[in-house]
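Here is how the chains run, residue by residue.
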Amino acid sequence: QVQLVESGGGLVQAGGSLRLSCAASGRTFSSYRMGWFRQAPGKEREFVAAVMWSGGTTYYGDSVKGRFAISRDYTKNTGYLQMNSLKPEDTAVYYCAAQRGRSGVYRDTQAYDYWGQGTQITVSS
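Residues numbered from 1 in each chain as written. Predicted model: local features only at pLDDT ≥ 70, side-chain atom pairs only at ≥ 80, totals over all residues. Heavy atoms only, no water.

Pulling in residues and values, what's your account of the sheet that holds strand 8 (residues 78–83)?
Taken together, the four strands give an open sheet; going across it, the order is 1-3-8-7, and neighbouring strands pair in antiparallel fashion. On the outer flanks of this sheet lie strand 1 (3–7) and strand 7 (68–73), each paired with one strand and no other. Here the strands of the sheet are splayed against their neighbours by 15° on average, with no regard to which way each runs. Pairing of strand 3 (residues 18–25) with strand 8 involves six bridges; the strand directions are antiparallel. Directly across from Ala23, in strand 8, lies its bridge partner Thr78. (Pairing = 2+ DSSP bridges. Helix = DSSP H or I, 4+ residues; strand = E, 2+ residues; numbered from the N terminus. Axes fitted to C-alpha atoms, helices over the stretch in contact; angles between N-to-C directions.)

Describe the nonpolar core, listing the residues and the values that go with them.
By size, the foremost hydrophobic cluster in this structure holds 28 residues, and its most contacted members are Trp36, Val48, Phe68, Ile70, Leu81, Met83 and Tyr94. Phe37, Phe47, Tyr106 and Ala111 belong to the second-largest nonpolar core, a separate cluster that totals seven residues. (Core = buried A, V, L, I, M, F, W, Y, C linked by side-chain atoms within 4.5 Å. Buried < 20%, exposed > 50% of the residue type's maximum accessible area, 1.4 Å probe, protein only.)

Give me the lowdown on the pattern of salt bridges, citing residues and values where you can.
Counted according to the given criterion, the structure contains five salt bridges. Here Glu46 and Arg38 are joined by a salt bridge, their closest N and O atoms 2.8 Å apart. For Arg100, the salt bridge is made with Asp113, and the minimal N-O distance between the two is 3.2 Å. Highlighted residues: Arg100 in strand 9 (residues 92–100) and Asp113 in the loop between strand 9 and strand 10 (114–115), separated in sequence by 13 residues. (Salt bridge = Lys/Arg side-chain N within 4 Å of Asp/Glu carboxyl O.)

Give me the side chain of Thr119: which residues, what numbers.
Mapped onto the fold, Thr119 is located in strand 11 (residues 119–124). In terms of polar contacts, Thr119 uses its side chain to reach the backbone amide nitrogen of Gly9, at 3.3 Å. (Polar contact = N/O pair within 3.5 Å; in protein donor to acceptor, adjacent residues only side chain to side chain.)

An account of the environment of Arg100 is needed here, citing residue identities and associated values.
Accessibility expressed as a relative area gives 47% for Arg100, which makes it partly exposed. A C-alpha to C-alpha distance of 20 Å links Arg100 and Ser21, two positions 79 residues apart in sequence. Side-chain polar atoms of Arg100 contact the side chain of Tyr114, separated by 3.2 Å.

Please give an account of the pairing of strand 8 that cites residues and values.
Within strand 8, five of the six residues are buried, leaving the element largely enclosed by the surrounding structure. Examined bridge by bridge, strand 7 and strand 8 share six bridges and lie antiparallel to one another. Looking at strand 8, one finds that Phe68 is bridged to Met83. Taking the residues between adjacent antiparallel strands as the criterion, strand 7 and strand 8 are bridged by four residues, where Asn77 takes a positive phi near 55°.

Could you give an account of the packing of aromatic side chains, with specific residues and numbers?
Across all of its chains, the model carries ten aromatic pairs by this definition. Over the ring of Trp115 we find Arg45; its NZ or CZ atom is 4.9 Å from the centre of that ring. (Phe/Tyr/Trp six-rings, centres within 6.5 Å; stacked < 30°, edge-to-face > 60°. Lys NZ or Arg CZ within 6 Å of the ring centre and 35° of its normal.)

Tell me about the side chain of Arg33, and please be specific about residues and values.
Looking at the element boundaries, Arg33 is found in strand 4 (residues 32–39). Buried charge without a partner: Arg33 forms no salt bridge, and the closest opposite charge is Asp113, 9.2 Å away. A distance of 2.7 Å separates the side chain of Arg33 from the side chain of Gln99, its partner in a polar contact. (Lys, Arg positive; Asp, Glu negative; His and termini not counted.)

See below:
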């Protein structure tokens, strides 16, 4: 059974940095895509970033481009989201997700097969 467990959330001041981790288990993820999404209170879940577990092109949501960086350690089955220059509007629950295959659809929550439980990020002004 696939499990995704996020960690690294917390409270940070505006302008600060945090790194989220996503520990994946339950299968070999070489043909999967890893995605990060976030959901603020009263809003829809929003695409943040994505990359294939095997490496390659990274994709980012417009609101985080240039500030966030997605990466993964294939040997550890762990993905990361480095978040810099955080803003109060980045406050949300952040979710790690896994998608089977290399679908061209990577921004849509419906395209992902597995989800973590989420971790809260709060950015104070």
